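Examination of the molecular architecture
Spelled out, the chains give:
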Amino acid sequence: MQNNSTAIRWVLAGGVLFSLVFFHEKLALNLVLFDLFILAALFLQYAEARQNAEVRWFALGHLTSLAMLVLHNTVLSVFACVITLALTVAYGLYLHRSPWYAGASGIANIFVSPYLFFRDLFSYRKREKRKRKWTKLIRFAILPVFLLVFFFGIYSLGNSALNQFTEKLLHKLAQALERFINTFSWGRFLLLLLGLMVSSALLLKRHSHYLSEKDLAHDDDLQRKRITWAVRSHNPFYNLVATFMGKLATGMMALKNENATGLISLLLLNALLLVVNILDLNYIWFNYDPSKEQATYRLVHEGTYVLIFSIMMAMLVVLFFFKGNLNFYNRNKWLKYGAYCWIIQNTFLVASVFMRDFYYIQRYGLAYKRLGVLFFLLMVLIGLISVALKVKNRKTNYYLLRVNAMAAIIVLVMASTVHWDELIAGYNLSRKDKLDLDVPFLLALSDKTIPLLEKNIAFLQQLEDKAPPKVERDFYDAGSCNSCYVEQLKYKEKQFLKKQSAYSWLSWNYADNYVKRYLAYLSTSH
């Protein structure tokens with residue numbers, strides 16, 4: 001790690017860069033410039049960051065997200081950039097193994113960033129005061145500069161050519177000063193302050209290593225521990241078991257009794273879930289009737305979220321029974337088999353929930369929540385696999401949380417590689433003859449969907465002609481009605497071009513550039 005003076009210079013440069021590239025711009029190429037500056041500052045300041053393999057992996061994920069931001073410019077890509085940058089910096093500044101603790105370190109840095117900034121700034125100024133030999137040069141230069149200005153003014157009065165040159169020079173200086181004042185407005189000044197705080201949170205290091213120590217104190221592998229009665233009596237899990245088991249939860253036979261209770265519980269739960277899965281197999285997989293519209297709606301809106309909640313609770317049941325020394329009980333083989341069967345059945349339940357969502361997408365098309373269910377099911381499936389590995393390999397809950405957090409970050413970065421609005425619009429419009437299109441929803445999607453909507457403008461006109469003339473003039477500034485789909489699309493294009501005209505090259509991204517080129521092509525072809 002370099003000294004505070006170097007760190008504060010990076011922060012000051014970061015604050016200035018932040019105010020220059022983000023003022024009246026959207027997040028695009030400017031975020032790439034700022035983030036690359038932060039990564040360069042991080043790796044140049046902290047040698048341990050360069051040597052950390054996890055930092056390099058997170059940096060790779062961040063660069064992928066940045067590339068997707070320039071390519072797609074979606075909210076999801078921006079979110080992925082923020083998360084991966086925060087974790088890259090947290091792993092670079094502090095020693096961490098778990099993204100949860102690294103995230104907590106990042107949040108702590110945000111809250112103490114004003115203190116970190118002023119701490120290092122004042123430390124830097126004290127050092128500079130000792131080095132100020134150049135102040136003597138300023139004092140020596142005051143009289144010569146005054147004489148230079150004085151005689152320059154006299155010569156200008158006596159020489160018309162020099163006088164004209166002086167007027168032009170003063171005019172240019174006045175224009176430069178005016179541009180300087182306009183450039184550094186109050187808005188830009190506030191953005192400069194925000195940039196200093198953001199750069200401080202990302203580049204300055206706290207002296208406290210509390211969260212790192214707590215993180216590194218955890219192990220992935222369970223260790224068998226002899227627990228005294230005093231400690232056990234204050235354990236909430238033990239108290240919960242003792243509530244139901246009474247004296248069976250105490251004494252030499254406690255582990256045996258817990259094993260028996262867990263085995264009976266899992267046996268009953270597996271039997272119940274088997275009945276549910278058989279019913280799903282019959283109703284969802286083999287005999288599903290897509291013609292029943294009300295059944296399809298209830299299948300997803302009432303059934304999906306309840307089943308997802310039940311799967312989450314199923315994982316907690318396994319964690320409850322495999323929470324401690326029961327993992328080392330030499331006769332827990334059948335309890336493990338029961339847990340594996342329970343996990344496999346819940347995996348089938350995940351597949352049944354997927355089929356529900358799939359049928360709903362086929363009937364009504366793609367939408368945000370329907371895609372969200374698919375991603376949530378993916379994370380649940382990863383969670384079930386990690387729970388099975390925990391039971392098999394005697395892993396800790398810390399391991400479980402760490403692995404699932406890592407998986408969530410990978411899924412987030414991979415999800416940012418797709419422009420979901422474009423996918424939704426493309427899928428729904430490709431099935432426009434089979435779906436009951438929600439056109440207002442399509443018009444509310446991001447601007448990248450404009451070319452797709454324009455290619456289907458004849459179909460939108462047909463839907464508009466069939467729709468009743470229900471006027472709601474307050475919704476759009478253009479004064480359009482809610483069923484005037486073509487008018488709304490044209491207004492959307494007009495607003496897009498208006499916003500784009502206010503941006504500079506700092507807001508460039510491929511998605512907006514593609515739409516601009518397409519609209520320019522339309523205007524020249526008509």
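Residues numbered from 1 in each chain as written. Predicted model: local features only at pLDDT ≥ 70, side-chain atom pairs only at ≥ 80, totals over all residues. Heavy atoms only, no water.

When helices and strands are counted, the protein shows 24 helices and zero strands. Across the 526 residues in the protein, those meeting the buried criterion constitute 43%. Partitioning the intrachain contacts of the protein with sequence separation of at least 6 by distance along the chain shows that 75% fall at a separation of at least 24. Summed over its atoms, the accessible surface of the protein is roughly 30300 Å², and 68% of this surface lies on carbon and sulfur atoms. (Helix = DSSP H or I, 4+ residues; strand = E, 2+ residues; numbered from the N terminus. Buried < 20%, exposed > 50% of the residue type's maximum accessible area, 1.4 Å probe, protein only. Contact = heavy atoms within 4.5 Å. Areas by Shrake-Rupley, 256 points an atom, 1.4 Å probe, with all protein chains shown as cover.)

Quick look at the nonpolar core now. Ranked by size, the top nonpolar core spans 35 residues in total, and within it Phe-22, Ile-38, Val-89 and Leu-202 carry the most contacts. Contributing elements (two or more residues each) for this core: helix H1 (4-22), helix H2 (29-45), helix H4 (53-71), helix H5 (75-93), helix H6 (99-131) and helix H9 (186-203). Of all the elements, H2 adds the most residues to this core, at eight residues. Once residues within four sequence positions are removed from consideration, Val-89 is found in contact with Ile-38, Leu-42 and Leu-202. (Core = buried A, V, L, I, M, F, W, Y, C linked by side-chain atoms within 4.5 Å.)

What follows concerns the packing of H2 against H4. Taken N-terminus to C-terminus, the directions of H2 and H4 make an angle of 165 degrees; their axes are 9 Å apart at the nearest point. By the angle between their directions, the pair H2 and H4 is classed as roughly antiparallel. Of the two elements, H2 crosses H4, and the hand of that crossing is left-handed. Of H4, the residues touching H2 (which contributes Leu-29, Leu-31, Val-32, Asp-35, Leu-36, Leu-39 and Phe-43) are Val-55, Ala-59, His-62, Leu-63, Leu-66, Leu-69 and Val-70. Of the residues contributing to the contact of H2 with H4, the split by class is 12 nonpolar, one polar and one charged. (Axes fitted to C-alpha atoms, helices over the stretch in contact; angles between N-to-C directions. Parallel < 35°, antiparallel > 145°, perpendicular 65-115°, else oblique. Left-handed = near helix turned anticlockwise from the far one by under 90°. Nonpolar A, V, L, I, M, F, W, Y, C, P; charged D, E, K, R; others polar.)

Further remarks concern the packing of aromatic side chains. Counted by the stated rule, this structure contains 13 aromatic pairs. A ring pair is formed by Phe-18 and Phe-22, whose centres lie 4.7 Å apart and whose planes are at 65 degrees; its orientation type is edge-to-face. Here Phe-18 pairs with Phe-22, and both are found in helix H1, just four residues apart, close to one helical turn. There is no split in this pair, since Phe-18 and Phe-22 are both buried. Ring geometry for Phe-22 against Phe-34: centres 5.8 Å apart, planes inclined by 65 degrees, an arrangement best described as edge-to-face. Taken together, the residues Phe-22 in helix H1 and Phe-34 in helix H2 connect sequence positions 12 residues apart. With respect to class, Phe-22 is no different from Phe-34; both count as buried. Members of the aromatic cluster, connected to one another through ring pairs, are Phe-18, Phe-22 and Phe-34. (Phe/Tyr/Trp six-rings, centres within 6.5 Å; stacked < 30°, edge-to-face > 60°.)

Right, let's talk about the pattern of salt bridges for a bit. When the charged atoms of two side chains with opposite charge come close together, those side chains can pair. Going through the model one piece at a time under the given rule, you end up with 11 salt bridges. Between Lys-205 and Glu-48 there is a salt bridge, and its shortest N-O distance comes to 3.3 Å. Highlighted residues: Lys-205 in the loop between H9 and helix H10 (210-216) and Glu-48 in helix H3 (residues 47-51), separated in sequence by 157 residues. A salt bridge links Asp-220 to Arg-402, with the shortest nitrogen-to-oxygen separation between them at 2.7 Å. Residue Asp-220 is located in the loop between H10 and helix H11 (229-233), and its partner Arg-402 is located in helix H18 (residues 397-415); the two are separated by 182 residues in the primary sequence. Of the two residues, Asp-220 and Arg-402, neither departs from the other in class, the shared state being buried. Put simply, Arg-97, Asp-220 and Arg-402 are held in one network by salt bridges that share partners. (Salt bridge = Lys/Arg side-chain N within 4 Å of Asp/Glu carboxyl O.)

With that settled, the discussion passes to a nonpolar patch on the surface. A cluster of nonpolar side chains, contributed by Phe-152, Phe-165, Leu-169, Leu-170 and Leu-173, occupies part of the molecular surface with about 480 Å² of accessible area. Per-element tally for the nonpolar patch: the top contributor is helix H8 (residues 160-183), with four residues. (Patch = residues over 30% accessible without salt bridge, like charges linked within 9 Å, V, L, I, M, F, W, Y side chains within 5 Å.)

Look at helix H22 (residues 457-466) against helix H23 (residues 485-501): their axes get within 8 Å of each other, and the N-to-C directions meet at 135 degrees. One way to sum up the angle between H22 and H23 is to call them oblique. Residues Ile-457, Leu-460, Gln-461, Leu-463 and Glu-464 of H22 form the contact with H23, whose participating residues are Tyr-485, Val-486, Glu-487, Leu-489 and Lys-490. Broken down by class, the residue content of the contact of H22 with H23 amounts to six nonpolar, one polar and three charged.

By the secondary structure assignment, Thr-88 is in helix H5. With residues up to four places along the chain from it excluded, the contact list for Thr-88 reads Leu-39, Leu-42, Val-55, Phe-58, Ala-59 and His-62. At a separation of 3.3 Å, a polar atom in the side chain of Thr-88 contacts the main-chain carbonyl oxygen of Phe-58. A distance of 3.5 Å separates the side chain of Thr-88 from the backbone nitrogen of Ala-59, its partner in a polar contact. (Polar contact = N/O pair within 3.5 Å; in protein donor to acceptor, adjacent residues only side chain to side chain.)

The next subject is H23. Relative to the 24 Å expected for 17 residues at 1.5 Å per residue, H23 spans 25 Å between its end C-alpha atoms, a close match to the ideal helical length. Three or more residues of H23 are buried, namely Tyr-485, Val-486, Gln-488, Leu-489, Tyr-491, Lys-492, Glu-493, Phe-496 and Gln-500. The inward-facing, buried residues of H23 contact helix H20 (439-443), helix H21 (450-455), H22 and helix H24 (510-525). (Expected span 1.5 Å × (residues − 1).)

Before going further, it helps to examine the confidence of the model for the protein. Summary statistics for the protein give a mean pLDDT of 83 and a share of 82% for residues scoring 70 or more. Per-residue pLDDT stays below 50 along residues 245-249; that stretch engages in 12 contacts with residues further than four places along the chain or on separate chains. Within the model, pLDDT remains below 50 along residues 473-479, and this stretch shows 10 contacts once partners closer than five positions in the same chain are excluded. (pLDDT = per-residue confidence, 0-100.)

Let us look at H18. Side chains that are three or four residues apart share a direction in an α-helix, a result of its 3.6 residues per turn. Relative to the 27 Å expected for 19 residues at 1.5 Å per residue, H18 spans 27 Å between its end C-alpha atoms, a close match to the ideal helical length. Of all the positions in H18, only Tyr-398, Tyr-399, Leu-400, Arg-402, Asn-404, Ala-405, Ala-407, Ile-409, Val-411, Leu-412, Val-413 and Ala-415 are classed as buried.

On to the side chain of Thr-396. As for its position among the elements, Thr-396 is in the loop between helix H17 (368-393) and H18. Residue contacts for Thr-396: discarding those within four places in its chain leaves Asp-219, Asp-220, Asp-221, Leu-222 and Lys-390.

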